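# Structure assessment
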Amino acid sequence: MSFSLQPMQSNGTLSVLQLTDLHLFAKEGTCLLGIDTMQSFCAVVNKIKELNRFFDFIIVTGDISQDYSAESYQLFSELISPLKGHIFFLPGNHDDGPLMYRMLGHYGINTNKHIVSGNWQFILLNSEVYGVAHGWLQREELDFMQECIYQYPDLYTVICVHHLPRLVGSRWLDTQTMHNQDEFNSIIHRLNHTKKIKLVLSGHVHQEYDCMHGDIRYISSPSTSIQFAPQSCYFALELKGPGFRYLTFHSDGNIQTDVYRLDDNLFLPDTNVGGY
Ligand SMILES: [Fe+2]
């Protein structure tokens with residue numbers, strides 16, 4: 001079912017806040033590679049409140065949980081409550097998809113997978129393969145995406161999915177990508193003869209990525225917890241602060257975006273760890 005949302009700005013411009021890869025635990029105070037992910041997420045929420053920058057809604061692109069626990073989803077719903085407005089989400093490889101939809105729906109967070117707003121539609125896909133790091137888009141997800149695009153041929157389209165369907169040049173991370181990304185990319189490029197598909201918005205790689213492939217832009221964003229070092233052969237963390245992204249969708253199909261980070265020295269990970 002689609003969720004319709006009127007853009008708040010009179011010129012039809014739409015503003016979206018992207019949060020990704022929170023990796024929250026059931027137990028408060030638990031650290032992921034030296035970073036207390038609850039504290040880093042709280043600091044991100046505080047920074048967003050300080051910025052006081054308008055957004056129409058929030059999209060969380062997966063890995064809300066690190067431990068697949070019901071408590072981590074309850075914690076998320078509590079921690080994000082200072083940010084007023086609609087919140088949408090999709091599962092990552094560290095989430096338990098069915099539990100996530102059940103829990104977050106129970107706490108009043110929007111479980112719709114299709115958002116229509118102004119001249120834009122947002123299609124939220126589930127690339128989770130339970131218990132493994134890599135992703136895969138099942139046939140029903142690909143069919144759902146095509147149905148949305150066929151149903152709204154005049155709308156500009158953003159496809160949101162946890163696993164960035166591109167290689168980022170990190171050998172270890174590129175083994176954990178969306179394993180049927182070639183199929184996905186060929187479908188969206190074939191569907192894009194009208195050039196309405198503008199963006200694939202992802203998480204998973206815990207780093208900034210912003211590249212055009214053909215007529216479609218692919219973006220991923222910093223995690224609110226740990227950051228992976230770009231272009232690393234083996235697992236490596238980057239000493240950059242947790243971050244988040246704003247995206248502005250103009251009614252003529254243009255997109256502007258800004259990444260914000262906390263100060264680099266506020267949340268320092270343990271760089272002696274060889275993986276996670
Ligand atoms: Fe993640």
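This section reports on the structure supplied with the text.

Glancing now at the environment of Val44. Relative to the helices and strands, Val44 resides in helix α1 (residues 37–51). Sequence separation between Val44 and Leu5 is 39 residues; the distance between their C-alpha atoms is 25 Å. Apart from residues no more than four positions distant in its own chain, Val44 is found in contact with Leu19, Thr224, Pro242, Phe244 and Leu262.

All of the protein donors around the iron ion are Asp21 (OD), His23 (NE2), Asp63 (OD) and His206 (NE2); their distances to the metal are 2.1 to 2.3 Å. Each of the four donor atoms bound to the iron ion contributes to angles spanning 87 to 176°, and the resulting shape is irregular. On the primary sequence, the residues serving as donors to the iron ion are separated as D-x1-H-x39-D-x142-H.

Ordered by their spatial adjacency, five strands build an open sheet running β6-β5-β2-β13-β14, and the pairing between neighbours is mixed. The open sheet terminates on both sides in strands that have one partner only, identified here as β6 (86–89) and β14 (255–261). The mean angle between the axes of side-by-side strands here comes to 25°, regardless of whether they run parallel or antiparallel. In the packing of α1 onto the sheet, the strands contacted are β2 (14–19), β13 (243–249) and β14, and the crossing angle to β13 comes to about 40°.

So, about the pattern of salt bridges. Counted under the stated rule, the structure contains six salt bridges. We note a salt bridge from Asp143 to Arg139, for which the minimum N-O separation is 3.5 Å. Pair noted here: Asp143 and Arg139 are both in helix α4 (residues 139–151), with a separation of four residues, about one helical turn. What emerges from the salt-bridge pattern is a single network uniting Arg139, Asp143 and Glu183.

About the thresholds
Every residue gets a number counted from 1 within its own chain, in the order that chain's sequence is written. Confidence filtering applies because this is a predicted model: local features only for residues at pLDDT of at least 70, side-chain atom pairs given and counted only at 80 or more, and all residues used for totals across whole chains, interfaces and linings. To get the side-chain values, all heavy atoms of the structure are used, and hydrogens and water are removed first. Each helix corresponds to a stretch of at least 4 residues labelled H or I by DSSP, and each strand to a stretch of at least 2 residues labelled E; elements are numbered beginning at the N terminus. Two residues qualify as a contact provided that any one of their heavy atoms is within 4.5 Å of a heavy atom in the partner residue. Water is not part of the atom set, so a site may look incomplete; the donors themselves are N, O and S atoms within 2.8 Å of the metal, or 3.2 Å for Na, K and Ca. Geometry assignment treats four donors as tetrahedral when all angles are between 85 and 135 degrees, treats four as square planar and six as octahedral when opposite donors are over 155 degrees apart and all others between 65 and 115, and treats everything else as irregular. Only strands that DSSP links by at least two bridges are regarded as paired with each other. The angle between two axes is taken between their N-to-C directions and runs from 0 to 180 degrees, where each axis is a line fitted to C-alpha atoms and a helix contributes only its stretch in contact. Salt-bridge detection follows one rule: a side-chain nitrogen of Lys or Arg within 4 Å of a carboxyl oxygen of Asp or Glu.

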